[in-house]
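Each chain, written out:
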Amino acid sequence: MKILVPLKRVIDPYAKVKPLGDGSGLDLSGIKFDINPFDEIAVEEAVRMKEKDGSHEIIVVSIGTSDSEEQLRKALAIGADRAILIETEHIYDSLGIAHELEAVVRAESPDLVLMGKQATDDDNNQAGQMLAARLGWPQATFASKVEAAGTRLQVTRETDSGEEVLELPLPSLVTADLRLNEPRYIALPGIIKARSKPLEKRPASVMSSPKTRTVRYDAPPARAAGRKVSSVDELVAALQEKGAL
Amino acid sequence: MSKLLLITFDGGAEGHQLAGFAQKLGLPFDVLCISGEAPTEIGAARVLNAGLAEVPPADALAEGLKSLVAGYSHIAGLSNMRSKDVLARLAGLIEAGMVTDVIGLQSPTSFTRPMVAGSVIATVEVLAEPVILTVRPAGFPADPVSGSSPVESVTLAASGQAQRISVTARGGARPDLSQARVVVSGGRPLGDAETFERVIGGFADALGGAAGATRAAVDSGIAANELQVGQTGKIVAPELYIAAGISGSTQHMAGIKDSKLIVAINKDPDAPIFEFADLGLVGDLFEVIPEIRAKLSV
Ligand SMILES: Cc1cc2nc3c(=O)[nH]c(=O)nc-3n(C[C@H](O)[C@H](O)[C@H](O)COP(=O)(O)OP(=O)(O)OC[C@H]3O[C@@H](n4cnc5c(N)ncnc54)[C@H](O)[C@@H]3O)c2cc1C
Ligand SMILES: Nc1ncnc2c1ncn2[C@@H]1O[C@H](COP(=O)(O)O)[C@@H](O)[C@H]1O
C-alpha cells in the first residue's frame, strides 16, 4: 500500500506567540518551528503500519519554502521513505492547499492519505476534508485508531459525544487526532539514514487564488486581573457574592 | 442575493445557539435540520427539515447537501467536530472558502476568529462567495423573536462509501459541556478514572454542571476523550468554570476564555492558571473540594 502524508511546518506549538504591534502579522523573532504535531502523529501512524507489514511505501509532502526541508527530513528520520517539497512562496488558504495536494495525489496515486486534523498555527481544520472532497474519496476525520482489514480500513474516530467506527474502502483519507499514537523519539541512526533518503523538489502547479485572506492579527482581549483568595470561606463568599452558584 | 443557510444536525438546540449569529449577520436566513426538527421561532424565513433517520457519514452528507446549499451566499453551522467534518468537505465540493471558529464579525465579508491556540485573534476577509462558516455561539447572544416560520420538508439524498459500523455515546445524565452553566474540570493529579469521577464528577453533579478535563488527564486514561477542553477539544463558555489541578497551558486556556468566571484550585502558587483565573485558591484539591462542598452543603 502506498501512503501519502502531507505535513506542514508550523510555529513550535509550545512557543508563546504574539501579533506584531501594527497587526500586520505574527512576531516570529526567536520562534522555533516544527512539524505540525498532528502531522507528526500521521507520519508515526504510517510508519507503524509499515512496521507491521513491510509492503508499504510512505511519501511525505509539504508545500512551502525550502525552510520546510527541515520538517521533511524529520519525517524521513521517523521512517518515511521519500519526500516531496512543493516549493513555493504563494499564499494559500486551506482550499488552495487542498488543490495543490490534489495534484500530488493524482501524480502519485496513493491508496491512503493520512494527515493531521488541523494545523496548530492557523487552527483551520479544513484541508483534509477539502482534499477528500476534491478526490471523491471517503474520509474519516479525528481518527484515534486505524486498522487495515484487507482492502478496507476500520477507523475509530472521536465525535462530539463519544466515538464511532467507520469502515472505508481504499483509496481513502484519514485525519489524525492526538490519541492516534504518541510519536517516537527520533534516534541518531534514523537522522543519519534520513540524510540519504530522496527529497525531491517540485514547483507548485495550481496556485489557486485564495477565497479567504487574513488581514489583521490582534492580541486577544485581556481578562480583567483576578485575585487570589486565602481560604475556602473567602472563595465561597466571593462565589455567592457574584451569584455564580 | 445574499442569504444565509444555517445547518443543524439533530434538533432544536443547535438552531437556538446559531440564532444570535444569524441576527448579527443581518441577512435573511433559512435553517436546515438533517435529522430531527429545526426550531420555528428563531426568525428564519423558512425551516427546512430533511427528516433523515440518522446523520450520515460526511462523504454522503456533504454530497447530499451540495444541491440544497445552492443559491446561498453564507452557509454556517456550530463550531464542533461534526460541523468541521461535514462542512469543510462541503466547502471542498462546492469550491467555497471557509472560516473556522468565528467569534465575531464586522460585516458579512469580515470575520474574527482565534488562531495559534487563541494567542492571536485573526480578522479574515472573505474574497469570494459562497463562504462556509463554523460559529462559536458565545460571542452572539440572541434577541427574542416573535412569530413562527413556515416549515417545509426537503429531500436530502445521501449515499456514500464510508459505512458506520458502531457508535459509542457517553456523557450520561450530565449537561452537555459546550452548553453547561457550570463546568468543573480536572487535570493530571486526579490520578485515575475512579478518582476523577468521584472528585470532579461528584462536584459537577452537586453543582448541576458538566465535567471537563485536560489533555493530560484524557491521555493518561483518567477522563474520557470527549471531556477534553481546549485548543483541540471542546470550547466551553459557562457562567462558572472551576479548574482543579490544572496548570493553565495555552492549549487548555484556549478552550475556556469565554467563561464568565474562572476559579482555579492549584497547590502551586506559581501555576500559570492563576494569571487567568478570576478567583484563585492555593491548596490541595483533594482537601479544598470536599471543604467547598461541605460549606455549600452540596
Ligand atoms: C498540539 C497540542 C494540542 C493540545 N491541546 C490541548 C487541549 O485541547 N486541552 C488541554 O487541556 N491540553 C492540550 N494540550 C496539552 C497542554 O499543552 C498541557 O500539556 C496540558 O493542558 C496539561 O494538563 P494538566 O494541567 O492536567 O497537567 P499539568 O501541566 O501536569 O498540571 C497539573 C497541575 O496540577 C497541580 N497539582 C498537582 N497536584 C495537585 C493537588 N493535589 N491539588 C491541586 N493542584 C495540584 C500542579 O501544581 C500543576 O499545576 C495540547 C498540547 C499540544 C502540543
Ligand atoms: N503547507 C502545507 N503543506 C502540506 N500539508 C499541509 C499544509 N498546510 C496544511 N497541510 C495539511 O492539512 C492539514 C490541515 O490543515 P489546516 O486546514 O490548515 O488546519 C494539516 O494537518 C496538514 O496535514
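Worth saying up front: this structure is predicted, and the values here are computed from it rather than measured.

Regarding the domain arrangement of chain B
Size of an interface, as often reported, equals the accessible area lost when the parts are brought together. Residues and elements named next belong to chain B. Domain boundaries in chain B define domain 1 (4-153) and domain 2 (182-296). Centre-to-centre, using C-alpha coordinates, domain 1 lies 30 Å away from domain 2. Taken together, the contact between domain 1 and domain 2 spans five residues of the former and eight residues of the latter. The contact between domain 1 and domain 2 buries some 510 Å² in all, and 59% of this surface belongs to carbon and sulfur atoms.

Overview of the interface of chain B and chain A
Facing 79 residues of chain B, the contacting portion of chain A comprises 77 residues. In total, about 6700 Å² of surface goes out of reach between chain B and chain A, with carbon and sulfur atoms giving 54% of it. Among the residues chain B hides against chain A, the three largest losses belong to M81(B), R89(B) and E95(B). Together they make up 10% of the total. Counting across the chain B and chain A interface gives seven salt bridges. Salt-bridge contacts for R179(A) lead to D219(B); the nearest nitrogen and oxygen are separated by 3.3 Å. A total of nine residues in the side of chain B that touches chain A trace back to one element, the largest contributor, which is helix α3 (residues 81-94) of chain B. Residue composition of the side of chain B that touches chain A, grouped by class: 39 nonpolar, 19 polar and 21 charged. Strand direction decides the pairing type here: strand β11 (residues 162-169) of chain A and strand β11 (residues 163-169) of chain B, joined by six bridges, are antiparallel.

Considerations on the environment of V236(B)
All names here are of chain B. Position of V236 among the secondary structure elements: in the loop between α5 (215-219) and β14 (240-244). Judged by relative accessible area, which is 1%, V236 ranks as buried. In this structure, the C-alpha to C-alpha distance between V236 and S259, residues 23 residues apart in sequence, is 6.9 Å. When residues no more than four places from it in sequence are discounted, the contact partners of V236 are L177, V229, Y241, G255, I256, D258 and S259.

Quick notes on the pattern of salt bridges
Taken as a whole and judged by the stated rule, the model has 44 salt bridges over all chains. The partner of K295(B) in a salt bridge is D233(A), and the shortest N-O contact between them spans 3.0 Å. Of this pair, K295(B) sits in helix α8 (residues 285-296) while D233(A) sits in helix α6 (residues 232-241), which puts the two residues in different chains. The exposure class assigned to K295(B) is partly exposed, which follows from its relative accessible area of 40%. Each of K2(A), E57(A), R82(A), E108(A), E200(A) and R202(A) takes part in one network of salt bridges that share partners.

Considerations on empty space enclosed by the protein
A complete count under the given rule lists one cavity of 30 Å³ or more for this structure. Estimated volume of the largest cavity: approximately 90 Å³. Considering the residues around the largest cavity, the lining is formed by I11(A), D12(A), P13(A), A15(A), V17(A), T120(A), V116(B), A117(B), S119(B), Q231(B), T250(B) and Q251(B). The class makeup of the residues in the lining of the largest cavity is six nonpolar, five polar and one charged.

Structural notes on the pairing of strand β9 (residues 139-149) of chain A
All names here are of chain A. Note: β9 against strand β12 (residues 172-176), three bridges, orientation parallel. Across the sheet, residue A140 finds its bridge partner in β12, namely V174. Pairing of β9 with strand β10 (residues 152-159) involves six bridges; the strand directions are antiparallel. Along β10, the bridge assignment pairs A149 with R152.

Comments concerning the site of ligand 1
Close to ligand 1 lie 28 residues; R188(B), T214(B), V229(B), S247(B) and Q251(B) are nearest. More than one chain reaches ligand 1: the nearby residues come from chains A and B. A distance of 2.8 Å separates a nitrogen atom of ligand 1 from a polar atom in the backbone of V229(B). Contact distances for ligand 1 include 2.9 Å between an oxygen atom and a side-chain N or O atom of H252(B). Contact with the protein chains removes 86% of the 990 Å² of surface that ligand 1 exposes when unbound. Of all the secondary-structure elements, those providing two or more residues to the shell around ligand 1 are α5, α6 (250-253) and α8 of chain B. In terms of residue class, the shell around ligand 1 is built from eight nonpolar, 15 polar and five charged.

Remarks on the site of ligand 2
Residues and elements named next belong to chain A. Around ligand 2 sit 19 residues in total, of which D39, I63, A119, N125 and A127 are the nearest. The backbone of G116 places a nitrogen or oxygen atom 3.2 Å from an oxygen atom of ligand 2. The side chain of D122 places a nitrogen or oxygen atom 2.9 Å from an oxygen atom of ligand 2. Protein chains shield 98% of the accessible area of ligand 2, which is 480 Å² for the free molecule. For the shell around ligand 2, the secondary structure elements donating two or more residues are β6 (57-64), α3 (94-108) and β8 (112-116). Element by element, the count of residues in the shell around ligand 2 is highest for β6, at three residues. Considered class by class, the residues forming the shell around ligand 2 number eight nonpolar, eight polar and three charged.

Criteria and thresholds
- Residues numbered from 1 in each chain as written.
- Chains lettered and ligands numbered in written order.
- Predicted model: local features only at pLDDT ≥ 70, side-chain atom pairs only at ≥ 80, totals over all residues.
- Heavy atoms only, no water.
- Domains from an automatic or database assignment.
- Contact = heavy atoms within 4.5 Å.
- Buried area = accessible area lost by both parts, 1.4 Å probe.
- Salt bridge = Lys/Arg side-chain N within 4 Å of Asp/Glu carboxyl O.
- Helix = DSSP H or I, 4+ residues; strand = E, 2+ residues; numbered from the N terminus.
- Nonpolar A, V, L, I, M, F, W, Y, C, P; charged D, E, K, R; others polar.
- Pairing = 2+ DSSP bridges.
- Buried < 20%, exposed > 50% of the residue type's maximum accessible area, 1.4 Å probe, protein only.
- 1 Å grid on protein atoms, 1.4 Å probe; cavity = no way out; pocket = protein on both sides within 12 Å on 5 of 7 lines; lining within 4 Å.
- Points joined across faces, edges and corners; volume = space filled by probe spheres on them.
- Near = heavy atom within 4 Å.
- Polar contact = N/O pair within 3.5 Å; in protein donor to acceptor, adjacent residues only side chain to side chain.
- Areas by Shrake-Rupley, 256 points an atom, 1.4 Å probe, with all protein chains shown as cover.

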